[in-house]
Amino acid sequence: MDRIYLDNAATTRLSRRALAAMLPYMEGEQGNPSSLHSYAREARKALERARGQVARCIGAQEGEIVFTSCGSEGNNCLLWGAIEANRARGSHVITSAVEHPSVLNTLYSLEKLGSIRLTVLPVDGYGRVSVVDVFAALRSDTVLLSVMLANNEVGTLQPVSSIGNLCRERGILFHVDAVQGAGHVPVDVQALHVDLLTVSAHKFHGPRGVGAVYIRKGAAVSPFITGGEQEKHRRAGTENVAGIQGMAEALLEQNEDMDEEQARLKALSEKLIDGTLTAVPDCQLTGHRTERLPGIVSFLFDGVSPDELLALLDMQGVAASAGSACTAGSNEPSHVLRAMGLLDGRRCAPLRLSMGRYTTAEEIDRVLDLLPRTVARLRG
Ligand code: PLP
């Protein structure tokens, strides 16, 4: 049985181009970029080349990129570093109720410690933050606002550019978690008026265990991992040279054919949405119908157990998810669907089907054939 991988929002297959860019640094090029010999110089050169490539892909300058080990590290460090560096200016922070746990839990911890006062913005039934709510929440001591580019459970895109504009006018630092969006929709830190931004390679067909953050030149952010002098003293630790090559190549590859890939994935999403809503009764599309990532489709099926749905799909070779990989295995209902007002007292199963550059039309046809029968069987 050929398996079908529809969990690209959790992690993606490494692209061949990314692998080819990594191999020389896994096989022979062993230099530590901080050493003082020719091996090190070659590693340093590769590191800086990749830094420039990542920067160009998001409209940044080379000196504004810091490499990290993942999106969670990027989010933790940027939030903590920005709050720490701006303590004298104020301690009020704004975020939204549908952020990834690496943002929400970091901010809740800082609030518990008394380091910040936190406003968590509500979202509408599609998972969108309202710019009017953002405006109303701003205070004279607001120093930081953090809103994601695209939601990882339902794929909804946030009005990031308008929020960024508001923050820029008021001199408030604006952080965007672009982990799900980067490489899938255009990201230009200038157009979005962003000061701080997080990406993670394994969400766009790069390797796992490597990410990057953008810190706008002049933005006050304290060093987040102390130790050696790597990454201009911001993030100590020997760089993952091979992983960074893979990330830079994967991001470039995604950017090069973004228009085509977006159109292809959008067509597959439309087919999946229309086919499922037509064939399955008591089923609801979650997230915004148009303002969404091209590759994430999510539904709620009434009267079905989430675990049983995923298990039965898996038995038929379909790898899908109930939402966030990070909350998989936990019995907690999704904080995202709850914030969207979709779970109140309902017995229902969320299902996220997330596609990537290796997803084919034939696979979507097969899913459309077996999903209605699977749901019907579970409803007995
Ligand atoms: N932010 C969002 C929106 C995500 O979807 C994820 C992972 O699913 C993360 C952050 C964390 O990224 P990583 O898995 O690289 O730590």
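Residues numbered from 1 in each chain as written. Predicted model: local features only at pLDDT ≥ 70, side-chain atom pairs only at ≥ 80, totals over all residues. Heavy atoms only, no water.

Looking at the protein, the domain boundaries give domain 1 (4-12 + 258-379) and domain 2 (16-256). The straight-line distance from the C-alpha centre of domain 1 to that of domain 2 is 27 Å. The interface of domain 1 with domain 2 comprises 30 residues on the first partner and 37 residues on the second. Regarding the contact of domain 1 and domain 2, the summed buried area is about 2800 Å², with carbon and sulfur atoms giving 55% of it. Inspection of the region where domain 1 meets domain 2 yields two salt bridges. When the shortest N-O distance is used, the salt bridge between Arg128 and Glu291 registers 4.0 Å. On inspection of domain 1 and its partner domain 2, the count reaches 18 residue pairs in polar contact (both at pLDDT 80 or more). (Domains from an automatic or database assignment. Contact = heavy atoms within 4.5 Å. Buried area = accessible area lost by both parts, 1.4 Å probe. Salt bridge = Lys/Arg side-chain N within 4 Å of Asp/Glu carboxyl O. Polar contact = N/O pair within 3.5 Å; in protein donor to acceptor, adjacent residues only side chain to side chain.)

Our next topic: the site of the ligand. Among the 14 residues in the neighbourhood of the ligand, the closest are listed as Gly71, Ser72, Asp177, Ser200 and Lys203. With respect to the ligand, the side chain of Gln180 contributes an N or O atom lying 2.9 Å from an oxygen atom. Here the ligand has 400 Å² of accessible area as a free molecule, and 91% of this is covered by the chains. Along the lines of polarity and charge, the residues of the shell around the ligand split into three nonpolar, nine polar and two charged. (Near = heavy atom within 4 Å. Areas by Shrake-Rupley, 256 points an atom, 1.4 Å probe, with all protein chains shown as cover. Nonpolar A, V, L, I, M, F, W, Y, C, P; charged D, E, K, R; others polar.)

With that settled, the discussion passes to the packing of helix α1 (residues 16-27) against helix α7 (residues 241-256). Running from N to C, α1 and α7 point in directions that differ by 160°, and their axes come no closer than 8 Å. Our classification of the angle between α1 and α7 gives roughly antiparallel. Once α1 is placed against α7, the crossing between them reads as right-handed. Contacts between α1 and α7 involve Arg17, Ala18, Ala21, Met22, Tyr25 and Met26 from the former and Val241, Ala242, Gly243, Gln245, Gly246, Glu249, Ala250, Leu252, Glu253 and Glu256 from the latter. Tallied by class, residues from the contact of α1 with α7 come to nine nonpolar, three polar and four charged. (Axes fitted to C-alpha atoms, helices over the stretch in contact; angles between N-to-C directions. Helix = DSSP H or I, 4+ residues; strand = E, 2+ residues; numbered from the N terminus. Parallel < 35°, antiparallel > 145°, perpendicular 65-115°, else oblique. Left-handed = near helix turned anticlockwise from the far one by under 90°.)

Here Asp302 shows up in strand β10 (residues 296-302). Residue Asp302 is classed as partly exposed on the basis of its relative accessible area, which comes to 25%. On a C-alpha basis, the gap between Asp302 and Arg346 in space is 7.4 Å, while along the polypeptide they are 44 residues apart. (Buried < 20%, exposed > 50% of the residue type's maximum accessible area, 1.4 Å probe, protein only.)

Residue position: Thr156 is located in the loop between β5 (142-148) and α6 (160-170). If sequence neighbours within four positions are ignored, Thr156 has contacts with Tyr126, Gly127, Arg128, Leu149, Ala150, Asn151, Gly287, His288, Glu291 and Arg292.

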